[in-house]
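Structure at a glance
Take a look at the letters that make up each chain.
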Amino acid sequence: MPFAGWLLCGMSVWTFLSNQIGAAAGSYATNKGTCIEYNLNHFAYLIVKQLATMPIFAVFVVILAYIDWTTGSMSISSYIYALFYVFCMCLVAFPIALILLVFGVFFRDIQSALGILLQIIMWSSPIFWNPQTVPRTMVSFMEFNPMFYPITGLRHVIFEAPPPSPEAMYKFALVVVGTSIFGGWCYSASSKYFGDHA
């Protein structure tokens, strides 16, 4: 397994999720005029901001595809599984972004706290370290990190690293469902007050 590819799997997931999360916090509060000018509601503007982060992720995908092409490590089925893990990244990114969109309207200092939170998430993600070398009790806790499952999954299908455990999949699903329910509730309960605070 080439180290450059192993590292890029982690960095691609990190770049995608951190950009998605960072773009959401304060997106409507700081761009209310744009939303009004182009008749965009806050939900539609969040989607626009999310799509705007995709080109950076695409660069990592191209580099990973080149590494795979030079090593010949993936089959057709592996590409399908890789798309599944990319879908998982989108699945967890949007509800978290929705929560931060709401918080960004009512708490203007959230960007400062977000930088600290992202650092914690990054260093608890298996970007620079191998889960196989960490005690299982610690890994069990880190599997709740929304980046853990996509990173280990991509490394498995692209470079035949050990696959994520079933427990990691269940915890990832729990995070997705929990953030989706909480994000939907936050948005539906508070969106009508955005104009008073943004």
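What you see is a predicted model, and the numbers here were worked out from it, not measured in a lab. (Residues numbered from 1 in each chain as written. Predicted model: local features only at pLDDT ≥ 70, side-chain atom pairs only at ≥ 80, totals over all residues. Heavy atoms only, no water.)

**Considerations on the overall build of the protein**
- Counting its regular elements, the protein contains eleven helices and zero strands.
- N-terminal to C-terminal, the α/β element order of the protein is α-α-α-α-α-α-α-α-α-α-α.
- Of all intrachain contacts in the protein linking residues separated by at least 6 positions in sequence, the fraction that spans at least 24 positions is 81%. (Helix = DSSP H or I, 4+ residues; strand = E, 2+ residues; numbered from the N terminus. Contact = heavy atoms within 4.5 Å.)

**Some words on the packing of helix α9 (residues 148-159) against helix α10 (residues 166-190)**
- Interhelical geometry of α9 versus α10 gives an angle of 140° and a closest axis separation of 9 Å. In this view, α9 runs oblique relative to α10, as classed from their interaxial angle. Crossing angle aside, the handedness with which α9 passes α10 is left-handed. Where α9 approaches α10, its residues Phe-148, Tyr-149 and Pro-150 are matched on the opposing element by Ala-168, Met-169 and Phe-172.
- Class assignment of the residues belonging to the contact of α9 with α10 gives a composition of six nonpolar, no polar and no charged. (Axes fitted to C-alpha atoms, helices over the stretch in contact; angles between N-to-C directions. Parallel < 35°, antiparallel > 145°, perpendicular 65-115°, else oblique. Left-handed = near helix turned anticlockwise from the far one by under 90°. Nonpolar A, V, L, I, M, F, W, Y, C, P; charged D, E, K, R; others polar.)

**Quick notes on the nonpolar core**
- Counting 42 residues, the largest nonpolar core has Val-13, Leu-17, Val-92, Leu-100, Met-147, Leu-154 and Ile-158 as the members making the most contacts within it.
- Residue contributions to this core peak at nine residues, all from helix α6 (residues 76-106).
- With residues up to four places along the chain from it excluded, the contact list for Val-92 reads Leu-17, Pro-146, Phe-172, Val-175 and Val-176.
- If you look at the next biggest cluster of nonpolar residues, it comprises five residues, including Leu-98, Leu-101, Val-102 and Tyr-187. (Core = buried A, V, L, I, M, F, W, Y, C linked by side-chain atoms within 4.5 Å. Buried < 20%, exposed > 50% of the residue type's maximum accessible area, 1.4 Å probe, protein only.)

**Focus on the environment of Gly-115**
- Here Gly-115 lies in helix α7 (residues 110-123).
- Spatially, the C-alpha atom of Gly-115 lies 9.7 Å from that of Ser-18, the residues being 97 residues apart in sequence.

**Some details on α9**
- Between its first and last C-alpha atoms α9 spans 16 Å; for twelve residues at 1.5 Å apiece the expected length is 16 Å, and the two agree.
- Across the twelve residues that make up α9, a large majority, eleven, are buried.
- Looking at α9, one finds that the buried residues are Phe-148, Tyr-149, Pro-150, Ile-151, Thr-152, Gly-153, Leu-154, Arg-155, Val-157, Ile-158 and Phe-159.
- Positive phi appears at Glu-160, one or two residues downstream of α9, with a value of about 60°. (Expected span 1.5 Å × (residues − 1).)

**Notes on the side chain of Lys-171**
- Turning to its location among the elements, Lys-171 is positioned in helix α10.
- Classification of Lys-171 as buried rests on a relative accessible area of 16%.
- In this structure, Lys-171 is in contact with Ser-140, Glu-143 and Phe-144, ignoring residues within four places of it in sequence.

**Concerning the side chain of Ser-124**
- By the element assignment, Ser-124 lies in the loop between α7 and α8 (136-142).
- By relative accessible area, Ser-124 is classed as buried at 19%.
- At a separation of 3.1 Å, a polar atom in the side chain of Ser-124 contacts the main-chain carbonyl oxygen of Ile-121.
- Only 2.9 Å separates the side chain of Ser-124 from the side chain of Asn-145, close enough to count as a polar contact. (Polar contact = N/O pair within 3.5 Å; in protein donor to acceptor, adjacent residues only side chain to side chain.)

**As for a nonpolar patch on the surface**
- A contiguous nonpolar surface patch, about 280 Å² in accessible area, is contributed by Phe-84, Phe-87 and Leu-91.
- We classify Leu-91 as partly exposed; its relative accessible area is 37%. (Patch = residues over 30% accessible without salt bridge, like charges linked within 9 Å, V, L, I, M, F, W, Y side chains within 5 Å. Areas by Shrake-Rupley, 256 points an atom, 1.4 Å probe, with all protein chains shown as cover. Salt bridge = Lys/Arg side-chain N within 4 Å of Asp/Glu carboxyl O.)

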